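Notes for the structure review
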Amino acid sequence: MSENPADLLDIRKRKARFRAWHRGMREADLVIGGFADRELGKFDEAQLELFESLLGESDGDIVKWITGEMPVPPHQDNEIVRRMITDARSLAT
């Protein structure tokens, strides 16, 4: 018996949420996990793929992108990363 695509997408979202909250660097956990809690449910498959790609990056780099200490590299310059950065910065003010 095969699962339907919506169920598979939901499973991927749950795994991504877990990975977002278990990064290893508390600052990254809070930023990425909080963003996942607020936005992940709205993601379509393409957006989820971008988020999953982001989860492969180092915590230190992601935190530096958010603080503006380091530019976002071209391979991660996409709508999801930009939304996460905007989200994090708006919560910090």
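Residues numbered from 1 in each chain as written. Predicted model: local features only at pLDDT ≥ 70, side-chain atom pairs only at ≥ 80, totals over all residues. Heavy atoms only, no water.

Regarding the packing of helix 3 (residues 45-54) against helix 5 (residues 79-92)
Basically, it comes down to this: Angles here are taken between N-to-C directions and fall from 0 to 180 degrees, while the axes themselves are lines fitted to C-alpha atoms, restricted in helices to the stretch in contact. Comment: elements are numbered from the N terminus, with helices defined as DSSP H or I runs of at least four residues and strands as E runs of at least two. Here the angle decides the label: under 35 degrees means roughly parallel, over 145 means roughly antiparallel, 65 to 115 means roughly perpendicular, and every other value means oblique. Whether two residues touch is decided by their heavy atoms; if any such pair falls within 4.5 Å, the residues are in contact. Note on residue classes: Ala, Val, Leu, Ile, Met, Phe, Trp, Tyr, Cys and Pro are nonpolar, Asp, Glu, Lys and Arg are charged, and everything else, Gly too, is polar.
As a packed pair, helix 3 and helix 5 sit with axes 8 Å apart at the nearest point and diverge in direction by 70 degrees. When the axes of helix 3 and helix 5 are compared, the pair comes out roughly perpendicular. Taken together, the residues of helix 5 that come into contact with helix 3 (itself represented by Gln47, Leu50, Phe51 and Leu54) are Glu79, Ile80, Val81, Arg83 and Met84. Each residue belonging to the contact of helix 3 with helix 5 can be placed in one class, and the counts come to 6 nonpolar, 1 polar and 2 charged.

Focus on the packing of aromatic side chains
Basically, it comes down to this: Centres within 6.5 Å are what make two rings of Phe, Tyr or Trp a pair, Trp counting through its six-membered ring; a difference in plane orientation under 30 degrees is then read as stacked, over 60 as edge-to-face, and the rest as tilted. Residue exposure (1.4 Å probe, protein chains only): buried if accessible area is under 20% of the type maximum, exposed if over 50%, otherwise partly exposed.
Inspection of the entire model under this criterion finds 3 aromatic pairs. Between Phe35 and Phe43, the aromatic rings sit 6.2 Å apart at their centres with planes inclined by 50 degrees, giving tilted as the arrangement. Exposure class is identical for Phe35 and Phe43. Each is buried. For the ring pair Phe35 and Phe51, a centre distance of 6.2 Å and an interplane angle of 40 degrees mean the geometry is tilted. Of this pair, Phe35 sits in helix 2 (residues 26-39) while Phe51 is found in helix 3, placing the two residues 16 residues apart along the sequence. Phe51 matches Phe35 in its accessibility class, with the two residues each being buried. One aromatic cluster is present, formed by Phe35, Phe43 and Phe51 through successive ring pairs.

Comments concerning the nonpolar core
Quick note on the threshold: Take the buried Ala, Val, Leu, Ile, Met, Phe, Trp, Tyr and Cys residues and link them wherever side-chain atoms come within 4.5 Å; each set so joined is a nonpolar core.
Ranked by size, the top nonpolar core spans 21 residues in total, and within it Ile32, Leu40, Phe51, Leu54, Ile62 and Met84 carry the most contacts. Of all elements in the fold, only helix 1 (5-21), helix 2, helix 3, helix 4 (59-67) and helix 5 reach the threshold of two or more residues within this core. Ranked by residues supplied to this core, first place goes to helix 5 with 5 residues. For Leu40, the residues in contact, after removing those within four places along its chain, are Lys13, Ala16, Arg17, Phe35, Leu48 and Phe51.

So, the environment of Phe51
A relative accessible area of 0% places Phe51 in the buried class. Measuring from C-alpha to C-alpha, the distance between Phe51 and Gly34 comes to 13 Å, with 17 residues separating the pair along the chain. When near neighbours in sequence (up to four residues on either side) are disregarded, Phe51 contacts Ala16, Ala20, Ile32, Phe35, Ala36, Leu40, Phe43 and Ile80.

Structural notes on the side chain of Gln47
Short version of the rule: For this analysis, a polar contact is any N or O atom pair within 3.5 Å, provided that within protein one partner can donate a hydrogen and the other can accept it, and provided that sequence-adjacent residues contribute only side-chain to side-chain pairs.
Of note, Gln47 is situated in helix 3. Given a relative accessible area of 12%, Gln47 falls into the buried group. Among the polar contacts made by the side chain of Gln47, one reaches the side chain of Glu79 at a distance of 3.2 Å. Excluding its chain neighbours within four sequence positions, the residues that come into contact with Gln47 are Lys42, Glu79, Ile80 and Arg83.

Read these as geometric descriptors, not functional statements.
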